[in-house]
Amino acid sequence: MIGKVQQSNHERGTAGEVIAARNAVKEYPGGILALDGLSVTLYRGEMVGILGPSGAGKTTFLRLLNGSLTPSAGEIRVLGQSLKGIKTGELRRLRSRMSLVQQNHNIIPSLSVAHNVLMGKLGKISTVGAARMLLYLTREERDEVAEVLGRLEIGDKLFSRCGELSGGQQQRVAVARAILADPEIIMADEPIASVDPRTAEVVMNQFRRLNSLGKTVILNLHQVDFALQYCTRLLVLSRGKLVFDGLPEDYRGREIFERSFAGEERRVCCAEA
Amino acid sequence: MRKPEQSLDPGFNFFNWLVGLAVLGLVLFSAGQTGFSPQAFLEAGNLKAMGRFAAGLWPPETSPDFLKNSFKLIVETLEISVIGTALAICFAFPLSVLATRVRGEEFSRQAQGWVPWLLRWITYYGARSVLNLFRGIPELLWALIFVVAVGLGPFPGVLALAAHSTGILGKLYAELFESVDQRLVETTRATGAGELAVLLFTRLPLSLPVFLSYTLFRWECNMRAATVLGFVGAGGIGTQLIISMKLFAYNEVMTLVAEIFALVVLVDLAGQFLRTRILDAPSPIPADNALRRLVRCLPKV
Ligand SMILES: Nc1ncnc2c1ncn2[C@@H]1O[C@H](COP(=O)(O)OP(=O)(O)OP(=O)(O)O)[C@@H](O)[C@H]1O
Ligand SMILES: [Mg+2]
């Protein structure tokens, strides 16, 4: 199904394009087809929500964009640069311009919260600088981290050991790290999966604020209501295929939506209801 | 698909029995080859020699001169082990970094091309081979080599322990760094961090307790090894031990053995204490903690 957004985007061509996937296929060892020919273009300043049932390939998509995985076929371009055959140094520079908040396993439990957040800077500083950061933090660094943590309402945890935080707090530390990196693209894999609805709002508002500053935000979400409320564009994945791409308003027209899919895809809507 | 009942009853496994029999055969064969004969203890000549040795052990030598000298050598033994281990850490750490295999699709040959891929494997196998060489030669053999190279005394002993331990610690460190949670490594790389930054912020903090525990254990082993370095002229308490043995001064031997035993027990206890402290530590970044504590202790200016 092609929504209004995509139609207008077709006219935009490559102007303002930040991410483009062309027929991206990802087959994991063992023959699991996680992405099955995905083509999509994302533009600067969009706030994109990716929905889809568990196992649809959402996480795989973000890891492909990040260069952690390489596509089995097809092409991926990020910030105008093709990831095919990209040199290690170039990939690092590209990564310092985009942040990824992983679904889980996203904090180093034995390091302090401050160090975990400052890891967002690792792409921009030298190894010597990184070593210094491990031993000693400057006044500015402390203030910077405290400010970001404060916005996510965990300002009091600055020097706690990260492993001692609750799941939701750890998730916010990971979000804080992504914010501190000050990237052009910010991607988050289910960033509000383990926080209460009110805290989820706090986190989503931070993403919205970043978006209003001109950053492209891409969020994998399971909470449809949040996606409808905050995102400017929705993608729905099912079994590695893009089954919806359009405005949240169009997604709301669930009856039309449901009627346009038979069999498997119908389950997508039910799973999210 | 395997059925569940199949996994419950393995039945008679011919292969397992064959392996068991082969191991037993190997043990018996080796015993025969090495002249294993408990009755050797009971032969008249051997009994008399043992009797003479045991009788000579008592009373232990306690003259102040001998005690003072042996105490100096005991301290030297301890020093050799400490410096040897410290040197080993210095060499093992960089080598282990080179010998750490990086994983991840971004490092595959398809993604990177032939040249970087080949370079990485050459470094990896090169570093592993160096470590194997260091580890493959026992301490005593290293000591012999270094005695020839730098002369008698504790210095060749230090080098011998450092060389052998470099091989062991380097391999252990490399395997520790490799075994950390790959998804956390990926998370750190996602920030744009290079592999050295990944080492500092992910591999090291995640493996630090075990890292320190291995290192302390290696120090304990080096302590024990240092007691016999003197046999080949590489310093420490062994220097006196071999002299007393050759002079049949068994009462001196008794004193020395008692001292060595006390030292080894002490070092083992110290190592055990430190290792449990490290493994239970609330923050596995002791440097960070220690620094903060130090700063707190300093007088405010
Ligand atoms: N490392 C892997 N090796 C093999 N198969 C994998 C691997 N990672 C994911 N898969 C498979 O790929 C498919 C897509 O997984 P993915 O993690 O992208 O789903 P997802 O949409 O993020 O799901 P969820 O909402 O549960 O996080 C799944 O079937 C999964 O089993
Ligand atoms: Mg996922």
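A short tour of the structure in this document, coming up. (Residues numbered from 1 in each chain as written. Chains lettered and ligands numbered in written order. Predicted model: local features only at pLDDT ≥ 70, side-chain atom pairs only at ≥ 80, totals over all residues. Heavy atoms only, no water.)

Notes on empty space enclosed by the protein
Stage number 1. Inspection of every chain in the model, using the stated rule, returns three cavities of 30 Å³ or more.
Stage number 2. Volume-wise, the largest cavity comes out at about 100 Å³.
Stage number 3. What lines the largest cavity is a set of 14 residues, among which Ser99(A), Leu100(A), Arg177(A), Ala178(A) and Thr191(B) lie closest to the centre.
Stage number 4. Elements that contribute at least two residues to the lining of the largest cavity include exactly strand S6 (98-101) and helix H7 (167-180) of chain A.
Stage number 5. A class-by-class count of the residues in the lining of the largest cavity yields seven nonpolar, five polar and two charged.
Stage number 6. The volume enclosed by the second largest cavity comes to roughly 40 Å³.
Stage number 7. Lining the second largest cavity we find Thr88(A), Leu91(A), Arg92(A), Arg95(A), Glu106(B), Phe107(B), Arg189(B), Ala193(B) and Glu195(B).
Stage number 8. At four residues, the largest contribution of residues to the lining of the second largest cavity is made by helix H3 (residues 88-95) of chain A. (1 Å grid on protein atoms, 1.4 Å probe; cavity = no way out; pocket = protein on both sides within 12 Å on 5 of 7 lines; lining within 4 Å. Points joined across faces, edges and corners; volume = space filled by probe spheres on them. Helix = DSSP H or I, 4+ residues; strand = E, 2+ residues; numbered from the N terminus. Nonpolar A, V, L, I, M, F, W, Y, C, P; charged D, E, K, R; others polar.)

Considerations on the pattern of salt bridges
Charged atoms that come close allow side chains of opposite charge to pair.
Stage number 1. This model, assessed by the stated rule, comprises 24 salt bridges over all chains.
Stage number 2. As a salt-bridge pair, Glu141(A) and Arg132(A) come within 2.9 Å of each other at their nearest N and O atoms.
Stage number 3. On the basis of relative accessible area, Glu141(A) is assigned to the buried category, the value being 9%.
Stage number 4. For Arg132(A), a relative accessible area of 32% corresponds to the partly exposed category.
Stage number 5. One network of salt bridges, in which partners are shared, links Arg128(B), Lys171(B), Glu175(B) and Glu178(B). (Salt bridge = Lys/Arg side-chain N within 4 Å of Asp/Glu carboxyl O. Buried < 20%, exposed > 50% of the residue type's maximum accessible area, 1.4 Å probe, protein only.)

Observations concerning the packing of aromatic side chains
Residues and elements named next belong to chain B.
Stage number 1. For the structure on display, the rule yields 15 aromatic pairs over all chains.
Stage number 2. Taken together, a centroid distance of 5.5 Å and an interplanar angle of 25 degrees make the contact between Trp121 and Tyr125 stacked. Here the residue Trp121 and the residue Tyr125 both occupy positions in helix H6 (residues 114-136), the gap between them amounting to four residues, near one helical turn.
Stage number 3. On the basis of relative accessibility, which here comes to 24%, the residue Trp121 falls in the partly exposed class.
Stage number 4. With centroids separated by 6.3 Å and ring planes inclined at 85 degrees, the aromatic side chains of Phe248 and Tyr250 adopt a geometry described as edge-to-face.
Stage number 5. You can call Phe248 exposed: its relative accessible area is 60%.
Stage number 6. With a relative accessible area of 17%, Tyr250 lands in the buried category.
Stage number 7. One aromatic cluster in this structure is built from Trp114, Trp117, Trp121, Tyr124 and Tyr125.
Stage number 8. Over the ring of Trp114 we find Arg109; its NZ or CZ atom is 4.5 Å from the centre of that ring. (Phe/Tyr/Trp six-rings, centres within 6.5 Å; stacked < 30°, edge-to-face > 60°. Lys NZ or Arg CZ within 6 Å of the ring centre and 35° of its normal.)

Remarks on the packing of H7(A) against helix H8 (residues 197-212) of chain A
When two helices pack together, their arrangement is given by the angle between their axes and by how far apart the axes lie.
Residue and element names in this part refer to chain A.
Stage number 1. In contact at an axis separation of 12 Å, H7 and H8 are set at 10 degrees when each is read in the N-to-C sense. Classified by the interaxial angle, the pair formed by H7 and H8 is roughly parallel. Along its contact with H7, which presents Arg172, Val175 and Ile179, the element H8 presents Thr199, Val203, Gln206, Phe207 and Leu210.
Stage number 2. Along the lines of polarity and charge, the residues of the contact of H7 with H8 split into five nonpolar, two polar and one charged. (Axes fitted to C-alpha atoms, helices over the stretch in contact; angles between N-to-C directions. Parallel < 35°, antiparallel > 145°, perpendicular 65-115°, else oblique. Contact = heavy atoms within 4.5 Å.)

Describing the sheet that holds strand S2 (residues 32-43) of chain A
Working definition: the strands of a sheet are paired by backbone hydrogen bonds and lie parallel or antiparallel to each other.
All names here are of chain A.
Stage number 1. Read across the sheet, four strands follow the order S2-S1-S4-S5 without closing on themselves; strand pairing throughout is antiparallel. Sheet topology places S2 and strand S5 (81-82) at the edges, where each strand pairs with a single neighbour.
Stage number 2. Pairing between strand S4 (residues 73-78) and S5: two bridges, direction antiparallel. Within the sheet, the bridge partner assigned to Arg77 lies in S5 and is Ser82. (Pairing = 2+ DSSP bridges.)

Quick look at the coordination of the magnesium ion (ligand 2)
Residue and element names in this part refer to chain A.
Stage number 1. At this site the magnesium ion (ligand 2) is bound by Thr59 (OG1) and Gln103 (OE1), with donor distances of 1.8 to 2.4 Å. A residue pair is termed long-range when its members are at least 10 positions apart, and Thr59 in helix H2 (residues 58-65) and Gln103 in the loop between S6 and helix H4 (113-118) qualify at 44 residues.
Stage number 2. For Gln103, a relative accessible area of 29% gives the class partly exposed. (Donors = N, O, S within 2.8 Å, 3.2 Å for Na, K, Ca; no water.)

Some remarks on the nonpolar core
Stage number 1. In terms of nonpolar packing, the biggest core is built from 62 residues, with Met204(A), Phe207(A) and Phe201(B) touching the most fellow members.
Stage number 2. Counting the residues that make up this core, at least three belong to each of domain 1 (1-97 + 186-273) and domain 2 (102-182) of chain A.
Stage number 3. Aside from chain neighbours lying at most four places away, what touches Phe201(B) is Ile108(A), Leu111(A), His115(A), Met119(A), Leu122(A), Ala130(A), Met133(A) and Leu134(A).
Stage number 4. In terms of nonpolar packing, the next biggest core, distinct from the first, is built from 31 residues, Ala24(A), Val48(A), Leu65(A) and Leu235(A) among them. (Core = buried A, V, L, I, M, F, W, Y, C linked by side-chain atoms within 4.5 Å. Domains from an automatic or database assignment.)

Some remarks on the state of the cysteines
Stage number 1. What the rule picks out here adds up to zero disulfides over all chains.
Stage number 2. Between Cys221(B), a free cysteine, and Cys90(B), which holds the nearest cysteine sulfur, the sulfur-to-sulfur gap is 19 Å. (Disulfide = S-S within 2.5 Å.)

Remarks on a nonpolar patch on the surface
Stage number 1. Together, Trp114(B), Val115(B), Leu118(B), Leu119(B) and Ile122(B) give the surface a local cluster of nonpolar side chains, amounting to about 550 Å² of exposed area.
Stage number 2. By the element assignment, Leu118(B) lies in helix H6. (Patch = residues over 30% accessible without salt bridge, like charges linked within 9 Å, V, L, I, M, F, W, Y side chains within 5 Å. Areas by Shrake-Rupley, 256 points an atom, 1.4 Å probe, with all protein chains shown as cover.)

Considering the interface of chain B and chain A
Stage number 1. At the interface, 30 residues of chain B touch 38 residues of chain A.
Stage number 2. Our count for the chain B to chain A interface comes out at three salt bridges.
Stage number 3. Salt-bridge contacts for Arg95(A) lead to Glu106(B); the nearest nitrogen and oxygen are separated by 2.9 Å.
Stage number 4. Where chain B packs against chain A, one counts nine residue pairs in polar contact (both at pLDDT 80 or more).
Stage number 5. Of all elements in the fold, only helix H5 (109-112), helix H9 (182-189), helix H10 (195-226) and helix H13 (286-297) of chain B reach the threshold of two or more residues within the side of chain B that touches chain A.
Stage number 6. It is H10(B) that contributes the most residues to the side of chain B that touches chain A, eight residues altogether. (Polar contact = N/O pair within 3.5 Å; in protein donor to acceptor, adjacent residues only side chain to side chain.)

Remarks on the site of ligand 1
Residues and elements named next belong to chain A.
Stage number 1. Around ligand 1 lies a shell of 14 residues, among which Ser54, Gly55, Lys58, Thr59 and Thr60 are the nearest.
Stage number 2. Within the contact set of ligand 1, an oxygen atom lies 2.4 Å away from a side-chain nitrogen or oxygen of Ser54.
Stage number 3. At 3.3 Å from an oxygen atom of ligand 1 is found a side-chain nitrogen or oxygen belonging to Glu190.
Stage number 4. Elements that contribute at least two residues to the shell around ligand 1 include exactly S2 and H2.
Stage number 5. Of the residues forming the shell around ligand 1, the biggest block, three residues, is contributed by H2.
Stage number 6. Of the residues in the shell around ligand 1, the class split is five nonpolar, seven polar and two charged. (Near = heavy atom within 4 Å.)

Examining the layout of surface pockets
Stage number 1. Approximately 520 Å³ is the volume attributed to the largest pocket.
Stage number 2. Taken together, 21 residues make up the lining of the largest pocket; nearest its centre are Val97(B), Thr100(B), Val102(B), Arg120(B) and Glu195(B).
Stage number 3. Elements with a minimum of two residues in the lining of the largest pocket: H3 of chain A together with helix H4 (64-98), H6 and H10 of chain B.
Stage number 4. Considering each element in turn, the lining of the largest pocket owes the most residues, five residues, to H6(B).
Stage number 5. Of the residues assigned to the lining of the largest pocket, the class counts are ten nonpolar, five polar and six charged.

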